Amino acid sequence: MEPLITANYHTHSKYCRHASGEAEDYANAAVEAGLEVLGFSDHTPYPFPDGYYSGFRMFPREMKDYIADVRRCREKFGDKLEIKLGYEVEYYPRHFGALIKTLAESGYDYLILGQHFTKNEYDGEYSGEESSSTEKLKTYVDQVSEAMETGLFSCLCHPELIHFSGPDEIYEEHMTRLVEVAVKTDTPLEINLRGLKFGAQYPDERFLDIAAPLGAKFIIGVDAHDPDDLIPAEEHEKALELAGKHGLCLLERMELKKPAV
Ligand SMILES: [Zn+2]
Ligand SMILES: [Zn+2]
């Protein structure tokens, strides 16, 4: 099969409870799809206080199994596939420090930023809920910007998860700020294939038009929640079409940022 992309860093597995398949199933599909690099980035565990649990991520106690699965895959697939261990992480200011400490202690290859909620999740709102609130858009952009400034994130997933239905000028003003920080911190922006597959609000062509002239870099992310998502399909072609249409600087590989130790 002729691959349309050769690396995917956005892959989930059974641990997040809304994706299906073992790590090994994804690795097999990746080989079939002709990928050279497969990065696992399941939804991070989060050390929330008071027993709060968000329902779409692994429990902290499951981390060791997740890590063991990815390592086992790495051994099994050897030089057929370069396998990386990562997490998709929200930047929740109140708990991010503790999270990073835990992740760093257990070891990882990279983190990708996916800001599914504003504030600290339990006191914020789902980013993808349609809203005309400028305040919510601003909070999202502030938080994502602060996250990119940490230098810990290798890319920003579905930047347009924020579903702003207010005036275009306000969208442009705030998303321009986001892109400027992405450029400054050399954080690639994702073209999310899951959004294309399901007709979500992302990718958003308004956003691509803002980002391209500012010199942003882009990376395609499958956001696989099923091993079959890795197999080239219509959405892979659509992503390449979008990149061509908007003149995006599209990376084939992204730099995996690690914390300075
Ligand atoms: Zn997910
Ligand atoms: Zn994801």
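Provided above is the structure to which this section pertains.
One structure accompanies this document, and this report is about it. (Residues numbered from 1 in each chain as written. Chains lettered and ligands numbered in written order. Predicted model: local features only at pLDDT ≥ 70, side-chain atom pairs only at ≥ 80, totals over all residues. Heavy atoms only, no water.)

Turning to the sheet that holds strand E1 (residues 7-8), a few remarks are in order. Backbone hydrogen bonds are what pair the strands of a sheet, in a parallel or an antiparallel way. With respect to topology, four strands assemble into an open sheet ordered E1-E2-E3-E4, the strand pairing being parallel. If you trace the sheet from one side to the other, it starts and ends with E1 and strand E4 (110-113), each paired once. The sheet strands contacting helix H2 (residues 63-77) are strand E2 (37-43) and strand E3 (82-89), and the helix crosses E3 at an angle near 155°. Most of the contacts of helix H3 (residues 96-106) go to E3, to which it runs at about 160°, and overall it touches E3 and E4. (Pairing = 2+ DSSP bridges. Helix = DSSP H or I, 4+ residues; strand = E, 2+ residues; numbered from the N terminus. Contact = heavy atoms within 4.5 Å. Axes fitted to C-alpha atoms, helices over the stretch in contact; angles between N-to-C directions.)

Before going further, it helps to spend a moment on the coordination of the zinc ion (ligand 1). Donor atoms from the polypeptide that coordinate the zinc ion (ligand 1) comprise His 18 (NE2), His 43 (NE2) and His 225 (NE2), at 2.1 Å from the metal. All donors of the zinc ion (ligand 1) come from a single chain, and their spacing in sequence reads H-x24-H-x181-H. In this structure the zinc ion (ligand 2) is found 4.3 Å away from the zinc ion (ligand 1). With His 43 in strand E2 and His 225 in the loop between strand E6 (217-221) and helix H8 (234-245), the pair connects residues that are 182 residues apart, well separated along the chain. Accessibility expressed as a relative area gives 7% for His 225, which makes it buried. (Donors = N, O, S within 2.8 Å, 3.2 Å for Na, K, Ca; no water. Buried < 20%, exposed > 50% of the residue type's maximum accessible area, 1.4 Å probe, protein only.)

Here we come to the coordination of the zinc ion (ligand 2). Donor atoms from the polypeptide that bind the zinc ion (ligand 2) are His 10 (NE2), His 12 (NE2), Glu 88 (OE) and Asp 223 (OD), placed at 2.0 to 2.5 Å. If you look at the zinc ion (ligand 2), its four donor atoms make angles of 77 to 167° with each other, and the shape they trace is irregular. Mapping the donors of the zinc ion (ligand 2) onto the primary sequence yields the spacing H-x1-H-x75-E-x134-D. (Tetrahedral: all angles 85-135°; square planar, octahedral: opposite > 155°, others 65-115°.)

Moving on to the side chain of Thr 44. With respect to the secondary-structure elements, Thr 44 resides in the loop between E2 and H2. Sequence-distant contacts of Thr 44, defined by excluding residues within four places in its chain, comprise Arg 57, Met 58, Tyr 87, Glu 88, Val 89, Glu 90, Leu 99 and Leu 103.

Here three strands make up an open sheet; going across it, the order is E5-E6-E7 and the pairing parallel. Strands with a single pairing partner mark the edges of an open sheet, and in this sheet they are strand E5 (189-192) and strand E7 (249-251). Each adjacent strand pair in this sheet contributes to an overall mean axis angle of 45°, direction not counted.

To continue, consider the nonpolar core. In globular proteins that are soluble, nonpolar side chains generally tend to be buried together. Of all hydrophobic cores here, the largest spans 76 residues; its most connected members are Tyr 87, Leu 178, Leu 189 and Phe 207. Beyond its immediate sequence surroundings of up to four residues, Leu 178 is in contact with Tyr 140, Val 141, Val 144, Ser 145, Met 148, Leu 156, Leu 189 and Phe 207. Membership of the second largest hydrophobic core comes to nine residues, among which are Ala 7, Tyr 9, Val 37 and Cys 155. (Core = buried A, V, L, I, M, F, W, Y, C linked by side-chain atoms within 4.5 Å.)

Glancing now at unusual backbone geometry. The residue after Tyr 202, namely Pro 203, is reached through a cis peptide bond having omega -10°. Checked against the element boundaries, Pro 203 lands in the loop between helix H6 (193-198) and helix H7 (205-211). With a phi angle near 55°, Asp 50 is a residue other than glycine that sits in the positive phi range. Here Asp 50 is to be found in the loop between E2 and H2. With relative accessibility at 80%, the residue Asp 50 sits in the exposed group. Residues other than glycine seldom take positive phi values, yet Glu 121 does so here, at roughly 75°. Glu 121 gets classed as buried once you look at its relative accessible area, which sits at 3%.

The next point concerns H8. The terminal C-alpha atoms of H8, which comprises twelve residues, lie 16 Å apart, in line with the 16 Å expected from a rise of 1.5 Å per residue. Within H8, the full set of buried residues consists of Glu 235, His 236, Ala 239, Leu 242 and Ala 243. Considered in projection along H8, the buried side chains sweep an arc of 120° and stay on one side of the axis. Among the exposed residues of H8, those pointing more than 90 degrees away from its buried face are Glu 234, Glu 241, Gly 244 and Lys 245. Tucked into the core, H8 has its buried residues touching E5, H6, H7, E6 and E7. At the exit of H8 stands Gly 247, carrying a positive phi of roughly 60°. (Expected span 1.5 Å × (residues − 1). Arc of directions from axis to C-beta.)

Counted by the stated rule, this structure contains 15 aromatic pairs. Look at Phe 48 and Tyr 92: their rings are 6.0 Å apart centre to centre, the planes differ by 40°, and that puts the pair in the tilted class. Here the residue Phe 48 occupies a position in the loop between E2 and H2, and Tyr 92 occupies one in the loop between E3 and H3, the gap between them amounting to 44 residues. In this pair, the class of Phe 48 matches that of Tyr 92, namely buried. Here the aromatic cluster, defined as three or more aromatic residues joined through ring pairs, consists of Tyr 46, Phe 48, Tyr 52, Tyr 92 and Tyr 122. Directly above the ring of Tyr 171 sits Arg 206, whose terminal nitrogen or CZ lies 3.8 Å from the centroid. Lying over the aromatic face of Tyr 108, Lys 258 brings its terminal NZ or CZ to 5.7 Å of the ring centre. (Phe/Tyr/Trp six-rings, centres within 6.5 Å; stacked < 30°, edge-to-face > 60°. Lys NZ or Arg CZ within 6 Å of the ring centre and 35° of its normal.)

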